[in-house]
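Summary of the model geometry
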There are 4 protein chains.
Amino acid sequence: MATDTVQTSPGWLQPDRLEAARGQLPIVYIEAVPVRVDHLGRVEGVGLLLRPQPDGTISRAIVSGRVLHNETIREALWRHLTKDLGADADPQLPAAASPFTVVEYFPDPARSGFHDPRQHAVALCFVVPIAGTCRPSQDALEFSWLTPSDVVNGQITSEALRRPRPTGPSRARPLRDQPQLIGPS
Amino acid sequence: MATDTVQTSPGWLQPDRLEAARGQLPIVYIEAVPVRVDHLGRVEGVGLLLRPQPDGTISRAIVSGRVLHNETIREALWRHLTKDLGADADPQLPAAASPFTVVEYFPDPARSGFHDPRQHAVALCFVVPIAGTCRPSQDALEFSWLTPSDVVNGQITSEALRRPRPTGPSRARPLRDQPQLIGPS
Amino acid sequence: MATDTVQTSPGWLQPDRLEAARGQLPIVYIEAVPVRVDHLGRVEGVGLLLRPQPDGTISRAIVSGRVLHNETIREALWRHLTKDLGADADPQLPAAASPFTVVEYFPDPARSGFHDPRQHAVALCFVVPIAGTCRPSQDALEFSWLTPSDVVNGQITSEALRRPRPTGPSRARPLRDQPQLIGPS
Amino acid sequence: MATDTVQTSPGWLQPDRLEAARGQLPIVYIEAVPVRVDHLGRVEGVGLLLRPQPDGTISRAIVSGRVLHNETIREALWRHLTKDLGADADPQLPAAASPFTVVEYFPDPARSGFHDPRQHAVALCFVVPIAGTCRPSQDALEFSWLTPSDVVNGQITSEALRRPRPTGPSRARPLRDQPQLIGPS
């Protein structure tokens with residue numbers, strides 16, 4: 001990350017400092033499940049991103065990312081949703097302040113059901129209706145709307161997927177911040 | 001209620017039967033707090049209706065009404081919101097199924113903090129962002145957007161109000177169904 | 001239902017009147033998922049009842065029942081939990097007033113995912129930690145604690161079950177009120 | 001903080017490192033509102049701590065504190081509740097994972113309604129019934145149960161209070177970590 005980026009984005013840590021903090025503090029994340037709803041608010045589609053992984057495989061992901069210093073949770077939701085789904089996604093952020101659930105990721109896989117090898121992350125999870133058109137950003141191969149029953153039944157395999165999500169949410173989720181945080185790579 | 005109305009609206013009870021049921025069963029209501037939100041979902045305005053009361057006074061009210069037989073809660077929310085706020089209100093019903101609170105009204109004022117002299121009502125309460133234009137229906141004198149701080153501080157008096165809400169939510173709320181249910185009165 | 005029962009339980013309807021109301025109004029129910037939690041509040045067990053059905057089979061059920069006229073939701077939760085799980089169950093009713101979800105049952109199986117052939121029921125659902133000892137009442141054959149992973153994985157079959165729950169929640173749930181309401185009375 | 005404390009409490013940062021992180025990352029907090037409930041779960045009392053402030057005044061506080069690295073939210077709730085209310089408090093942590101609200105504190109008082117001069121804190125807020133006996137720890141002068149109406153009406157002044165809470169939640173709340181983090185160590 002270049003110096004001038006740091007100057008204009010004071011919420012970002014220099015990579016080495018973030019790495020140090022990740023070993024010593026829980027890191028605040030947001031996670032958003034994009035949904036299509038009808039006029040009665042009923043969910044008609046659940047959005048999933050397909051992302052290339054460092055090992056050449058593809059995995060599914062929801063929208064997820066870090067909350068920066070001095071950034072509100074709502075601002076972080078907006079930033080990550082419009083970054084991942086495009087500027088025309090028109091996310092309808094909920095009026096309620098509380099997440100529908102909180103997921104805790106730990107470096108130790110046995111600590112909870114959720115594993116993140118890089119850090120202890122506390123993720124506030126929201127369901128966000130998408131009113132606009134999704135044009136996924138460059139690092140996501142594809143964006144798909146699944147039906148709620150597809151999601152519940154786990155029938156979300158696709159010809160485009162060489163193998164299903166390899167190691168759970170922790171593989172897909174942390175990708176969000178890597179280009180900015182771990183350097184040019 | 002005329003017979004042909006009953007035929008086309010099978011969810012409605014004839015007035016005498018509803019009165020009988022009201023003495024014997026809790027009645028399901030929805031209540032909706034209309035809000036204006038900004039692009040981050042932050043509440044910028046809270047909508048309140050001003051309604052004429054049978055005694056000639058005016059009181060404030062939120063959107064409220066009965067859930068009919070065979071009607072879903074979402075359908076009841078849509079029906080009451082578009083009836084009270086107009087066809088162009090464009091209410092954004094929440095994707096989540098659960099109300100933010102449940103208010104129980106009892107004929108006995110000492111039973112809970114909420115009183116409804118006509119019935120035992122169980123009201124499922126939702127906050128609903130309004131994306132369109134509100135044109136209140138004929139039985140409401142006026143519709144106003146208040147700021148959240150006005151609502152919290154209770155500074156919602158108005159020259160248009162001859163006296164403040166007389167007996168709490170139970171006065172304003174039950175008016176919703178009276179013309180249809182209790183007849184010409 | 002005998003006359004003296006009606007006199008001492010004014011919230012109960014005479015069977016014919018309840019049947020009439022069931023065809024014309026949504027009926028308010030509570031549903032409770034009994035759980036065992038550790039000192040950190042983590043769910044260690046989920047309680048399920050096994051109930052004999054009219055057709056001779058056995059089905060699983062959660063605690064469920066009607067809210068009576070003039071009865072609060074909390075009173076209904078307490079009444080049904082202690083009736084089904086015994087007087088020593090010591091249910092820890094939640095301090096929060098809002099259900100974690102609301103399930104709507106309709107006589108028309110295509111109306112929602114939840115079917116109740118007798119009525120349109122609006123069920124407010126709560127998770128209730130049980131601190132005491134469960135001794136199921138006479139109309140329940142057995143009470144079992146399952147692990148959360150058993151429930152999630154659907155591996156809740158048992159030698160005691162001649163066949164799994166036959167027609168979804170609507171078969172097991174409505175049984176709760178039948179002896180009082182539809183019985184020979 | 002002495003070296004041996006750091007060795008036995010790996011979740012704690014050395015003071016200088018925590019200060020550095022506080023300027024660069026949002027810090028995860030829990031806040032707990034201790035309540036007394038009756039057998040129906042209705043709130044009968046709301047617990048408040050009275051704490052001496054560095055300027056010699058006394059302020060009210062709820063239970064609040066930082067979530068450590070590798071500590072779950074439930075463990076942090078338990079640790080702070082039993083530390084502040086005593087080992088016999090017997091807090092009944094909720095089975096639900098989601099906070100009833102999330103409060104965001106910022107160093108800039110104009111950023112949200114909540115101000116913390118030391119840091120950007122994201123506080124997950126829970127209501128926790130207390131089943132046991134409260135014996136506040138040494139740094140709290142007194143622990144009081146208020147009625148819900150006292151809390152709602154703001155009538156919580158006391159002869160013991162030389163002046164009411166001086167600068168809002170941010171004064172009382174951050175005290176929790178000060179002895180370890182900002183003290184002479």
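Summarised in this report is the structure supplied together with it.

**Remarks on the overall build of chain A**
Helix and strand counts for chain A come out as six helices and seven strands. The linear arrangement of helices and strands in chain A, starting from the amino end, is α-α-β-β-β-β-α-β-β-β-α-α-α. Put simply, chain A has 185 residues, and 50% of those count as buried. Sequence-distant contacts in chain A: of pairs separated by 6 or more residues, those separated by 24 or more amount to 69%. Looking at chain A as shown, the accessible area adds up to about 8,000 Å², and 55% of this sits on carbon and sulfur atoms.

**Some details on the pattern of salt bridges**
Should their charged atoms come close, side chains of opposite charge can pair. Residue and element names in this part refer to chain B. On inspection of all chains with the given rule, the structure shows 23 salt bridges over all chains. Among the ionic pairs, Arg118 bridges to Asp116, the shortest N-O distance being 3.5 Å. The same class applies to Arg118 as to Asp116, namely buried.

**Some remarks on the interface of chain B and chain A**
Counting residues at the interface gives 15 residues for chain B and 15 residues for chain A. Summed over both partners, the interface of chain B with chain A comes to about 1,100 Å²; 67% of that surface belongs to carbon and sulfur atoms. Ranking the residues of chain B by area buried against chain A places B:His39, B:Leu40 and B:Ala95 at the top, with a combined share of 43%. Across the chain B-chain A interface, the total number found is zero salt bridges. Our enumeration of links across chain B and chain A arrives at four residue pairs in polar contact (both at pLDDT 80 or more). The biggest single contributor to the side of chain B that touches chain A is helix 3 (residues 73-85) of chain B, with three residues. Split into classes, the residues belonging to the side of chain B that touches chain A amount to nine nonpolar, three polar and three charged.

**Quick look at the relation of the copies chain A and chain D**
In the superposition of chain A on chain D (RMSD 0.0 Å, axial shift 0.0 Å), the rotation amounts to 180°. Both chain copies can therefore be described as sitting about a two-fold axis.

**A closer look at the relation of the copies chain B and chain A**
For the match of chain B to chain A, the screw axis carries a shift of 0.0 Å, the RMSD comes to 0.0 Å, and the turn is 180°. Here 100% of the interface residues in chain B have copies in chain A that are interface residues too; the copies meet face to matching face.

**Let's talk about helix 3 (residues 73-85) of chain D**
Residues and elements named next belong to chain D. When the terminal C-alpha atoms of helix 3 are compared, their 18 Å separation across 13 residues agrees well with the 18 Å that a helix rising 1.5 Å per residue should span. Looking at helix 3, one finds that the buried residues are Ile73, Arg74, Ala76, Leu77, His80, Leu81, Thr82, Asp84 and Leu85. Phi for Gly86, located one or two positions after helix 3, is positive at around 100°.

**So, the packing of aromatic side chains**
Summed over all chains, the structure comprises eight aromatic pairs over all chains. Each ring, one from A:Tyr105 and one from A:Phe114, has its centre 5.6 Å from the other, and the planes form 70°; the classification is edge-to-face. According to the relative accessible area criterion, A:Tyr105 is buried, its value standing at 2%. Judged by its relative accessible area of 33%, A:Phe114 falls in the partly exposed class. Both rings, one in B:Phe143 and one in B:Trp145, keep their centres 5.1 Å apart while their planes meet at 90°; by these two values the pair is edge-to-face. The exposure class assigned to B:Phe143 is buried, which follows from its relative accessible area of 14%. The ring of C:Phe106 is capped by C:Arg111, whose NZ or CZ atom sits 5.2 Å from the centre of that ring.

**With respect to the side chain of C:Arg118**
Checked against the element boundaries, C:Arg118 lands in the loop between strand 5 (101-105) and strand 6 (121-129). Within polar-contact distance, the side chain of C:Arg118 engages the side chain of C:Tyr29 at 3.4 Å.

**Focus on the interface of chain A and chain D**
Of the residues lining the interface, 34 residues belong to chain A; the matching set on chain D comes to 34 residues. Here chain A packs against chain D, burying approximately 2,700 Å² in sum over the two surfaces, 61% of which is carbon and sulfur. Our count for the contact surface shared by chain A and chain D stands at two salt bridges. Between D:Glu75 and A:Arg111 there is a salt bridge, with its nearest N and O atoms 2.6 Å apart. Across the contact surface, chain A and chain D share ten residue pairs in polar contact (both at pLDDT 80 or more). Secondary-structure elements contributing two or more residues to the side of chain A that touches chain D are helix 2 (15-22), strand 1 (27-37), helix 3 (73-85), strand 5 (101-105) and strand 6 (121-129) of chain A. In terms of residue count, helix 2 of chain A provides more of the side of chain A that touches chain D than any other element does, four residues in total. Split by residue class, the side of chain A that touches chain D holds 18 nonpolar, nine polar and seven charged.

**Describing the environment of D:Val43**
By the secondary structure assignment, D:Val43 is in strand 2 (residues 43-52). With a relative accessible area of 31%, D:Val43 lands in the partly exposed category. Sequence separation of D:Val43 and D:Pro129 is 86 residues, and the distance between their C-alpha atoms is 8.5 Å. With sequence-adjacent residues up to four places away left out, D:Val43 is seen in contact with C:Ala95, D:Val35, D:Arg36, D:Val37 and D:Pro148.

**Regarding the environment of D:Glu19**
In this structure, D:Glu19 sits in helix 2 (residues 15-22). With 108 residues separating them in the primary sequence, D:Glu19 and D:Val127 have C-alpha atoms 29 Å apart.

**What about unusual backbone geometry?**
Despite not being glycine, A:Asp90 has its phi angle at roughly 55°, a positive value. Here D:Asn70, not a glycine, exhibits a phi torsion of approximately 70°, which is positive. Among the structural elements, D:Asn70 can be located in the loop between strand 4 (63-66) and helix 3. Take D:Asn70: its relative accessible area is 32%, and that puts it in the partly exposed class.

Conventions and cut-offs
Residues numbered from 1 in each chain as written. Chains lettered and ligands numbered in written order. Predicted model: local features only at pLDDT ≥ 70, side-chain atom pairs only at ≥ 80, totals over all residues. Heavy atoms only, no water. Helix = DSSP H or I, 4+ residues; strand = E, 2+ residues; numbered from the N terminus. Buried < 20%, exposed > 50% of the residue type's maximum accessible area, 1.4 Å probe, protein only. Contact = heavy atoms within 4.5 Å. Areas by Shrake-Rupley, 256 points an atom, 1.4 Å probe, with all protein chains shown as cover. Salt bridge = Lys/Arg side-chain N within 4 Å of Asp/Glu carboxyl O. Buried area = accessible area lost by both parts, 1.4 Å probe. Polar contact = N/O pair within 3.5 Å; in protein donor to acceptor, adjacent residues only side chain to side chain. Nonpolar A, V, L, I, M, F, W, Y, C, P; charged D, E, K, R; others polar. Least-squares fit on C-alpha atoms with pLDDT ≥ 70 in both. Expected span 1.5 Å × (residues − 1). Phe/Tyr/Trp six-rings, centres within 6.5 Å; stacked < 30°, edge-to-face > 60°. Lys NZ or Arg CZ within 6 Å of the ring centre and 35° of its normal.

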